[in-house]
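Take a look at the letters that make up each chain.
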Amino acid sequence: MIDCPAYHDRLTDGQAVVIKGKRTTPVLLVRRLVAVQPVRVRHVITDVDTFWTIAFPLPRATIGVMPELPEVETVVRVLRPMLVGRTIQTASFPRPTRSMTNLPHEAMASRIVGQSVQAVERRAKYLLFRLDRDTLIVHLKMTGHLYVVPVGEMNPFDRWLRVHFPLDDGRELRFSDSRRFGRVYLCGDPAEVLPDLGPEPLEDSFTAAAFQARLNGRSGVLKALLLDQSFIAGVGNIYADEALHQARLHPLRKADSLSTKESTALHSAIRAVLNAGIAHNGATIGWYRDPQGAAGEMQNHFKVYRARGNEHLPCPDCGTPITTIRVGGRGTHFCPTCQPAPKDTHPKKAVKAAKVKGGENVP
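Let me begin by describing the structure that accompanies this report. (Residues numbered from 1 in each chain as written. Predicted model: local features only at pLDDT ≥ 70, side-chain atom pairs only at ≥ 80, totals over all residues. Heavy atoms only, no water.)

## Some words on the overall build of the protein
The secondary structure content of the protein amounts to eight helices and 11 strands. Relative to its full complement of 363 residues, the protein shows a buried share of 52%. Within the protein, contacts between residues at least 6 apart in sequence are counted, and of these 64% link residues at least 24 apart. Only carbon and sulfur atoms are counted for the fraction: they give 50% of the accessible area of the protein, which is about 16,200 Å². (Helix = DSSP H or I, 4+ residues; strand = E, 2+ residues; numbered from the N terminus. Buried < 20%, exposed > 50% of the residue type's maximum accessible area, 1.4 Å probe, protein only. Contact = heavy atoms within 4.5 Å. Areas by Shrake-Rupley, 256 points an atom, 1.4 Å probe, with all protein chains shown as cover.)

Now the structure itself:
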């Protein structure tokens, strides 16, 4: 039997998986969670990939949801005490990774040998591991997952393992990525690989006045602007919707139409929803889990963002059905009562303009 205590919450009480076994109570016999009474096993699971599919099913319908600032910050905070002070022994790639890295695998492996982790930080949606001489940078993209486990220990995410970094204490940092959109960079200066990024919205320097100054001279619609990573770093589709709802601003409002009171409200809302996301360990919509395998809880506190399956839920503040449109190519959720439509722009024309100007800028 393969036993993975950290993921027992993925199974129904009392369920287990037998691989090359004879008997269990109860067992999983097929590629779905099916509990049965004590019987002799007729279908023996010999494929480890099949085991992980059964033991740790991940929804396919929402795999396009990318972790945003709160999710990445949660990962950073969990990994920091595990990795700071540890020395990386090498980098090992169990299978081809296409364009995942900025260096050839052999070059990255030889260059990272013997470097110790000095700090684990976040910039926008990137994780930065500050080493003795270089910086290891990871972008999770849609399905990337970082975790630290003892060498040789199996983990559900090993099914999509792309690279692992053995450490000097008998554990290793692993990066798993089902869709292979994630990125792993090793460089002397993060500026070599990071794109143009705006200010961090949770830093003390990001004041209401600083936010107003960045709005000055901009005429784009608010939703598309918030998704622009060069305007503000780390905000994505989910938290942009939540911030606009809290600030009572329609996603198609033009940036240059905001009063000082409204821009101040939006500034406060951005910081509030991001801090709430961090407090709830991020939102698990699809694949996101923290490095210890735990799901986030922020999805249980959304006001307007709707994932597949809960589109019917009304606005919790007024009871009005949530409206969904596309802005900048992204699904956008808002309450038409709490967030009245702009009076100076026809909604259809504003949506068309927003699509032309583009959406979330995530290299």
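## A closer look at the sheet that holds strand β9 (residues 183-187)
Pairing is antiparallel in the open sheet, where four strands are placed in the order β3-β4-β5-β9. Two strands lie at the open edges of the sheet, namely β3 (117-123) and β9, each paired on one side alone. Taking the axes of each pair of neighbouring strands and ignoring which way they run, one obtains an average angle of 15 degrees across the sheet. Those strands touched by helix α2 (residues 69-83) are β3 and β4 (126-131), and its axis lies near 175 degrees from that of β3. (Pairing = 2+ DSSP bridges. Axes fitted to C-alpha atoms, helices over the stretch in contact; angles between N-to-C directions.)

## Re the packing of α2 against helix α7 (residues 260-279)
The contact between α2 and α7 brings their axes to 8 Å, and the two run at 40 degrees. Between α2 and α7, the angle falls in the class oblique. The way α2 lies across α7 gives a crossing that is right-handed. Every residue of α7 that contacts α2 at Leu69, Pro70, Glu73, Thr74 and Arg77 is listed here: Leu274, Gly277 and Ile278. Here the contact of α2 with α7 is composed, by residue class, of four nonpolar, two polar and two charged. (Parallel < 35°, antiparallel > 145°, perpendicular 65-115°, else oblique. Left-handed = near helix turned anticlockwise from the far one by under 90°. Nonpolar A, V, L, I, M, F, W, Y, C, P; charged D, E, K, R; others polar.)

## Structural notes on the side chain of Thr332
Inspection of the secondary structure assignment puts Thr332 in strand β11 (residues 330-334). Since its relative accessible area comes to 0%, Thr332 is described here as buried. There is a polar contact of 3.1 Å between the side chain of Thr332 and the backbone oxygen of Arg330. Excluding residues that lie within four positions of it along the chain, Thr332 makes contacts with Lys223, Asp241, Pro251, Thr323, Thr324, Ile325 and Val327. (Polar contact = N/O pair within 3.5 Å; in protein donor to acceptor, adjacent residues only side chain to side chain.)

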